[in-house]
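Fold and geometry: a report
The chain contents come next:
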Amino acid sequence: MAQILDGKAFAKEMEQALGQRVALLKQKTGKTPILATILVGDDPASATYVKMKGNACQRVGMDSIKVEMPKETTTEQLLAKIAELNNNPDVHGILLQHPVPSQIDERACFDTIDIKKDVDGVTCLGFGNMAMGEPAYGSCTPQGIMYLLEKYGVELSGKHAVVVGRSAILGKPMAMMLLNANCTVTICHSKTQNLADIIKQADIVVGAVGKPELIKKDWIKKGAIVVDAGFHPTENGGVGDIELSGIEEIASAYTPVPGGVGPMTINTLIRQTVESAEKSV
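No experiment lies behind these values; they were computed from the predicted model shown. (Residues numbered from 1 in each chain as written. Predicted model: local features only at pLDDT ≥ 70, side-chain atom pairs only at ≥ 80, totals over all residues. Heavy atoms only, no water.)

**Comments concerning the side chain of Thr123**
With respect to the helices, strands and loops of the structure, Thr123 is situated in the loop between helix H4 (106-112) and helix H5 (124-131). What makes Thr123 buried here is its relative accessible area of 3%. Here Asp118 takes part through its side chain, which lies 2.7 Å from a polar atom of the side chain of Thr123. A polar contact of 2.9 Å, which involves the side chain of Thr123, links it to the backbone nitrogen of Gly126. Apart from residues no more than four positions distant in its own chain, Thr123 is found in contact with Arg107, Phe110, Asp111, Ile113, Ile115 and Asp118. (Helix = DSSP H or I, 4+ residues; strand = E, 2+ residues; numbered from the N terminus. Buried < 20%, exposed > 50% of the residue type's maximum accessible area, 1.4 Å probe, protein only. Polar contact = N/O pair within 3.5 Å; in protein donor to acceptor, adjacent residues only side chain to side chain. Contact = heavy atoms within 4.5 Å.)

This is the structure in structure tokens:
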């Protein structure tokens, strides 16, 4: 039977360790790590994510500043708010919740975040540093996946990893992280031909495409590691990007949906904010 890569349990364990680090930082410096979250508009899913991130801050003893801006906000107004947070020495991490309304230049706003406070790993500079093996805060979902694979002792060096998806905050950084861990990496996307045949060759499959159960379980090679970074709500909970029903008979290890990758994303955000606060003293 396949090993379950339990992100929920690991995130809970990590929270205890982070809580101790926060307490130590407060004791030594009198400072509390602060994450600023920026929510533009009234998208209910985004509001839920921001709330979850705020709750995670509370659980480890951190503070969060909630910045809420109307959906009519301009790029200039958002850039000014980010600059204000960059200049606030009490703020250790800045999160701009994706997506922002269409009139805003999201990339320009991401790239205005101070590299020292880019705890969500969204800047071009942060991506470049990470890809080149220089110090950087990794994009939270792929970085969380790397922490989870490390926790369960998954051997990466020399393995063929197939990443399905090429988004700026998931597919691309995931591929670079796996490459830096000495995997041979194939990136697949909407224009890829013979997707099933490519996946059948993979030792590690990462579903990061945002389409419910696009990747079929009979495409998975016996003994492969299956990482599902997707989540799509259904009547009975939710499904990911990979067909996981019966996957335990095929894979050697897999992330469940929910409870696999999702908890690691928020946990990594908190972990990187704590790191930023530690570096700032």
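**Quick look at the sheet that holds strand S8 (residues 225-228)**
Taken together, 6 strands build an open sheet; the order of strands is S1-S9-S8-S7-S5-S6 and the sheet is parallel. Pairing within the sheet leaves two strands with one partner each, and these edge strands are strand S1 (3-4) and strand S6 (184-188). Here 5 bridges tie strand S5 (residues 160-164) to S6, and the two strands are oriented parallel to one another. Paired with Val163 across the strands is Ile187, a residue of S6. Sitting on the sheet, helix H7 (residues 171-180) touches S5, S6 and strand S7 (204-207), and the angle it makes with S5 is about 170 degrees. (Pairing = 2+ DSSP bridges. Axes fitted to C-alpha atoms, helices over the stretch in contact; angles between N-to-C directions.)

**Notes on the side chain of Thr75**
By secondary structure assignment, the location of Thr75 is in helix H3 (residues 75-86). Of the polar contacts made by the side chain of Thr75, one reaches the backbone nitrogen of Asp105; its length is 2.9 Å. What Thr75 contacts, discounting residues up to four positions off in sequence, is Gln103, Ile104, Asp105 and Cys109.

**Side note on the sheet that holds strand S4 (residues 93-96)**
Spatially, the 3 strands line up as an open sheet ordered S3-S2-S4, and their pairing is parallel. This sheet does not close on itself; its edge strands, each paired only once, are strand S3 (63-69) and S4. Each strand axis lies, on average, 15 degrees off the axis of its neighbour in the sheet, ignoring direction. Sheet analysis places strand S2 (residues 34-40) next to S3, joined by 7 bridges and oriented parallel. Across the sheet, residue Leu35 finds its bridge partner in S3, namely Ser64. Strands in contact with helix H2 (residues 44-59) are S2, S3 and S4; relative to S2, the strand with the most contacts, it is inclined by about 170 degrees.

**Details of the environment of Leu214**
Position of Leu214 relative to the elements: it lies in the loop between S7 and S8. Taking the C-alpha atoms as reference, Leu214 lies 43 Å from Ser280; in sequence the two are 66 residues apart. Excluding residues within four positions of it along the chain, Leu214 makes contact with Leu195, Val209, Trp219 and Asp241.

**Examining the state of the cysteines**
Per the stated rule, a full pass over the model turns up 0 disulfides. Between Cys57, a free cysteine, and Cys140, which holds the nearest cysteine sulfur, the sulfur-to-sulfur gap is 11 Å. The thiol sulfur of Cys183 is not disulfide-bonded, and the nearest other cysteine sulfur, from Cys188, lies at 14 Å. (Disulfide = S-S within 2.5 Å.)

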